[in-house]
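# Chain and residue survey
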Amino acid sequence: TPEGGIRGGIESEQHPCHGEGSWQESLTVMAYAPGVWSSYVYAGVAARAAHWLGKRRPELAEAYTESAIKAMRWAESELPRREGKDDSHAVNDARNLAAAELFRLTGEGKWHDLFLATTILKEPEALLYKWQSHEQRDAAWVYLRIDHTDVDQQIKKNCLNALRQEADD
């Protein structure tokens, strides 16, 4: 959306008509309202793309950076309105990964602080995945590869230990 919210998908009014291809859609198709989860997912992916594009296509990297930050800001402003809702842990996990990606991309402390506030890797023996609790494998990998000077070395060590533990398992 112009404000930065990302829609999570589209859906037909009912199951597709038999034999009808997507390009032949005869049913009404509706777009989801923007959501925090889809906005966090997008922010993380766009930040990762911007990081990769940085030395290859700087002008495109800038566009993805702006888009990622806009989506993240929208989601962060929308999240407090969800207070009391029973969001899946996937919302926090997507938020955590987006914060890690944005910190790696920009080096800004606010994204680092958000990563630290949402990570499960504060404990040395933390598991990267726990059924219906959290799944922060990708965020751990991203954080482990960040080389900014203000990276929390203990968290980085916890990321490495957790990734090694999972590989050993």
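Residues numbered from 1 in each chain as written. Predicted model: local features only at pLDDT ≥ 70, side-chain atom pairs only at ≥ 80, totals over all residues. Heavy atoms only, no water.

### Some remarks on the overall build of the protein chain
Along the backbone of the protein chain there are six helices and six strands. Helices and strands appear in the protein chain in the N-to-C order β-β-β-β-α-α-α-α-β-β-α-α. By its C-alpha atoms, the protein chain is 55 × 40 × 35 Å across when sized along the principal axes. Counting across all 169 residues of the protein chain, residues that qualify as buried make up 36%. Taking as baseline every contact in the protein chain between residues at least 6 positions apart, the subset at least 24 positions apart corresponds to 61%. As presented, the protein chain carries roughly 10400 Å² of accessible surface, and 51% of it is formed by carbon and sulfur atoms. If you average the places of the 20 positive and of the 27 negative side-chain charges in the protein chain, the two averages end up 5 Å apart. (Helix = DSSP H or I, 4+ residues; strand = E, 2+ residues; numbered from the N terminus. Buried < 20%, exposed > 50% of the residue type's maximum accessible area, 1.4 Å probe, protein only. Contact = heavy atoms within 4.5 Å. Areas by Shrake-Rupley, 256 points an atom, 1.4 Å probe, with all protein chains shown as cover. Lys, Arg positive; Asp, Glu negative; His and termini not counted. Charge placed at Lys NZ, Arg CZ, Asp CG, Glu CD.)

### Description of the layout of surface pockets
Roughly 270 Å³ of internal volume is contained in the largest pocket. Together, 18 residues line the largest pocket, and Asp93, Ala94, Leu97, Glu135 and Asp138 are the ones closest to its centre. The set of elements that each furnish at least two residues to the lining of the largest pocket consists of helix 1 (36–53), helix 3 (89–106) and helix 5 (137–144). The greatest single-element share of the lining of the largest pocket, amounting to seven residues, is contributed by helix 3. In terms of residue class, the lining of the largest pocket is made up of nine nonpolar, three polar and six charged. (1 Å grid on protein atoms, 1.4 Å probe; cavity = no way out; pocket = protein on both sides within 12 Å on 5 of 7 lines; lining within 4 Å. Points joined across faces, edges and corners; volume = space filled by probe spheres on them. Nonpolar A, V, L, I, M, F, W, Y, C, P; charged D, E, K, R; others polar.)

### So, the packing of aromatic side chains
Counted by the stated rule, this structure contains one aromatic pair. Aromatic side chains Phe115 and Tyr143 sit 4.5 Å apart centroid to centroid with 10 degrees between the ring planes, which places their arrangement in the stacked category. Pair noted here: Phe115 is in helix 4 (residues 109–118) and Tyr143 is in helix 5, with a separation of 28 residues, a long-range link. Tyr143 carries the same exposure label as Phe115, and that label is buried. Positioned above the aromatic ring of Trp52 is the side chain of Arg56, whose terminal nitrogen or guanidinium carbon lies 3.9 Å from the ring centre. (Phe/Tyr/Trp six-rings, centres within 6.5 Å; stacked < 30°, edge-to-face > 60°. Lys NZ or Arg CZ within 6 Å of the ring centre and 35° of its normal.)

### So, the side chain of Arg95
With respect to the helices and strands, the residue Arg95 is situated in helix 3. A distance of 2.7 Å separates a polar atom in the side chain of Arg95 from a polar atom in the side chain of Glu76. Leave out the neighbours within four places in its chain, and Arg95 touches Tyr40, Met72, Glu76, Leu79, Leu114 and Thr118. (Polar contact = N/O pair within 3.5 Å; in protein donor to acceptor, adjacent residues only side chain to side chain.)

### Observations concerning the pattern of salt bridges
All chains considered together, the criterion is met by nine salt bridges. Note that Glu101 and Arg48 form a salt bridge whose closest N and O atoms lie 2.5 Å from each other. Here the residue Glu101 occupies a position in helix 3, and Arg48 occupies one in helix 1, the gap between them amounting to 53 residues. Given the relative accessible area of 1%, Glu101 is considered buried. Taking relative accessible area as the criterion, Arg48 reaches 37% and is therefore assigned partly exposed. (Salt bridge = Lys/Arg side-chain N within 4 Å of Asp/Glu carboxyl O.)

### Some thoughts on the nonpolar core
Ranked by size, the top nonpolar core spans 37 residues in total, and within it Tyr40, Met72, Phe115 and Tyr143 carry the most contacts. Among the secondary structure elements, those contributing two or more residues to this core are helix 1, helix 2 (58–78), helix 3, helix 4, helix 5 and helix 6 (153–168). Broken down by element, this core gets its largest block of residues, eight residues, from helix 3. Sequence-distant contacts of Met72, that is, excluding residues within four places in its chain, are made with Tyr40, Ala43, Arg95, Ala98, Ala99, Leu102, Trp111 and Leu114. (Core = buried A, V, L, I, M, F, W, Y, C linked by side-chain atoms within 4.5 Å.)

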